[in-house]
Amino acid sequence: MEEDSELLFAYSRRGDVESLSALVRRHAVWMQAFLRGLLPTAADAEDAFQDAWVRVVKSAGKYRGGKVKPYLAVVARSAAIDRLRQMGRLVSLDAEDGEGASAAERLPDELPSPGERFESKATAEDVREAVRALPEGPRQVLLMRIEGELSFKEIASELGVPLGTALTWMRTATLKLKEMLGGSK
Amino acid sequence: MNEYRDIEDFVKGRLEEGVALSPPRLAEIERVAAAESFARVAECRSRHRLWAASLVAASIAIVFSFAVLHIDSSPKPENTVACVIDLLRTADGAETLSETSADSESEETAVAEMLLAWQDAPYESAIADLTK
């Protein structure tokens with residue numbers, strides 16, 4: 001199987017649309033899952049998905065190599081942010097979660113012990129709802145980490161926050177999801 | 001963060017459940033990609049044509065300059081002789097030659113007259129002239 005970078009180069013240098021299609025198909029699922037976590041509806045996520053790929057296509061000539069998946073995550077996040085801005089629903093990363101305290105200050109008390117197994121009967125829709133209910137910063141860090149596979153350093157740089165904040169937001173997101181999805185010890 | 005791996009894997013699995021690529025979306029992306037690729041290739045070809053034209057023009061200029069320089073800087077010996085002859089044949093050249101010739105003739109005449117005068121003079125006066 002060809003590497004992502006080979007497919008992107010095949011399109012950017014030779015104009016091979018088939019290679020680009022293969023790349024789109026390969027990354028379609030996680031990108032849409034990522035966008036569904038950031039946007040209110042599945043239709044919004046599909047629109048942002050298309051926007052993201054149009055951006056990739058238009059800037060393909062500037063691609064000089066490097067990891068494709070984190071790059072796609074950054075482009076997809078940018079497309080989602082633009083869509084939220086158009087909808088007037090863009091909120092700051094430090095926005096409060098509706099209960100009067102900022103996300104970073106509201107860490108759950110319960111910490112998992114090493115080796116603890118997480119089990120839950122939550123459905124896909126329950127999980128999407130739970131993710132969308134997270135504060136903006138922790139939600140974006142969680143999605144960029146688990147779907148885009150960016151390093152915390154890359155996430156911090158992308159969000160323009162210190163590395164410690166990105167790590168704290170990831171911990172917040174994980175613990176809140178555990179709390180909301182009813183994981184058992 | 002290893003202790004959170006289970007939660008992350010669970011969330012990732014659920015988020016991706018039932019998600020599929022819509023064929024019309026893929027078709028639209030392919031259409032934009034094809035159009036963009038066509039535009040990029042056209043731009044690239046146009047840039048190559050410009051480069052090729054510049055390269056040809058520069059090559060012609062270099063070859064021309066070299067040829068002119070070569071002709072100017074290496075005259076043949078027979079050409080040099082011909083140039084000198086031509087120069088001598090010009091009005092200035094002829095005048096210079098005739099002036100030179102007239103000067104030398106007048107000098108020769110003066111010497112000859114002096115010799116004739118010495119020849120005709122008496123011996124004593126000639127000695128006297130030399131010892132003055």
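Residues numbered from 1 in each chain as written. Chains lettered and ligands numbered in written order. Predicted model: local features only at pLDDT ≥ 70, side-chain atom pairs only at ≥ 80, totals over all residues.

Enquirer: Let's hear about the overall build of chain B: which residues, and what values?
Expert: Within chain B, the regular secondary structure consists of 5 helices and 0 strands. Along the chain direction, N to C, the helices and strands of chain B fall in the order α-α-α-α-α. Within the span of chain B, comprising 132 residues, buried residues form 8% of the whole. (Helix = DSSP H or I, 4+ residues; strand = E, 2+ residues; numbered from the N terminus. Buried ≥ 20, exposed ≤ 12 C-beta atoms within 10 Å, placed from the backbone.)

Enquirer: Summarise the interface of chain B and chain A; cite the residues concerned and give the values.
Expert: Interfaces are often sized by the amount of accessible area the parts lose when they come together. Counting from both sides, the interface comprises 29 residues of chain B and, opposite them, 40 residues of chain A. Within the residue set of the side of chain B that touches chain A, elements represented by two or more residues are α1 (5-15) and α2 (23-73) of chain B. A breakdown of the residues in the side of chain B that touches chain A according to their chemical character gives 14 nonpolar, 3 polar and 12 charged. (Contact = placed C-beta atoms within 7 Å. Nonpolar A, V, L, I, M, F, W, Y, C, P; charged D, E, K, R; others polar.)

Enquirer: Please give an account of unusual backbone geometry that cites residues and values.
Expert: Residue and element names in this part refer to chain A. Look at E149: it is not a glycine, yet its phi comes out positive at around 55 degrees. Tracing the backbone shows E149 in the loop between α6 (136-146) and α7 (152-159). Among the residues examined, E149 registers 13 C-beta atoms within 10 Å and is labelled partly exposed.

Enquirer: If you had to explain the nonpolar core to someone new, which residues and values would you point to?
Expert: All names here are of chain A. Formed by 52 residues in total, the largest nonpolar core has its most connected members in F34, L35, A48 and A76. The leading source of residues in this core is helix α2 (residues 17-38), at 10 residues. When near neighbours in sequence (up to four residues on either side) are disregarded, F34 contacts A73, A76, L143, E147 and G148. (Core = buried A, V, L, I, M, F, W, Y, C linked by C-beta atoms within 7 Å.)

Enquirer: Talk me through the packing of α2 of chain A against helix α3 (residues 42-58) of chain A; I want residue IDs and the actual numbers.
Expert: All names here are of chain A. Where α2 contacts α3, the axes come no closer than 10 Å and their chain directions differ by 140 degrees. One finds that α2 runs oblique with respect to α3. Between α2 and α3 lies a crossing of right-handed hand. For the pair formed by α2 and α3, the contact residues are L20, V24, M31, Q32, L35 and R36 on the first element and A42, A45, E46, A48, F49, A52, W53 and V57 on the second. A class-by-class count of the residues in the contact of α2 with α3 yields 11 nonpolar, 1 polar and 2 charged. (Axes fitted to C-alpha atoms, helices over the stretch in contact; angles between N-to-C directions. Parallel < 35°, antiparallel > 145°, perpendicular 65-115°, else oblique. Left-handed = near helix turned anticlockwise from the far one by under 90°.)

Enquirer: Hey, could you go over the environment of E18 of chain A for me, with residue numbers and the actual values?
Expert: Residue and element names in this part refer to chain A. Here E18 is to be found in helix α2. Taking the C-beta count within 10 Å as the criterion, E18 has 12 such neighbours and is therefore assigned exposed. In this structure the C-alpha to C-alpha distance between E18 and L7, which are 11 residues apart in sequence, comes to 8.8 Å.

Enquirer: Go over the confidence of the model for chain B, please, and point to the residues and values.
Expert: Residues and elements named next belong to chain B. Put simply, chain B has an average pLDDT of 76, and 60% of its residues get 70 or more. Across chain B, element-level confidence peaks in α1 with a mean pLDDT of 88 and bottoms out in helix α4 (residues 91-120) with 64. In the predicted assembly, ipTM is 0.79 and pTM is 0.65. (pLDDT = per-residue confidence, 0-100.)

Enquirer: Hey, could you go over α3 of chain A for me, with residue numbers and the actual values?
Expert: Counted at 1.5 Å a residue, the expected span for α3 of chain A with its 17 residues is 24 Å, and the 24 Å between its end C-alpha atoms agrees. Among all positions of α3 of chain A, only A45, A48, F49, A52, W53, V56 and V57 of chain A are buried. (Expected span 1.5 Å × (residues − 1).)

Enquirer: Could you give me a rundown of helix α8 (residues 163-180) of chain A, with the residues and numbers involved?
Expert: Here α8 of chain A spans 26 Å end to end across 18 residues, near enough to the 26 Å set by a 1.5 Å rise per residue. Looking at the buried positions of α8 of chain A, the neighbouring elements they touch are α5 (124-133), α6 and α7 of chain A together with α1 of chain B. Positive backbone phi, approximately 70 degrees, marks G182 of chain A, located one or two places after α8 of chain A.

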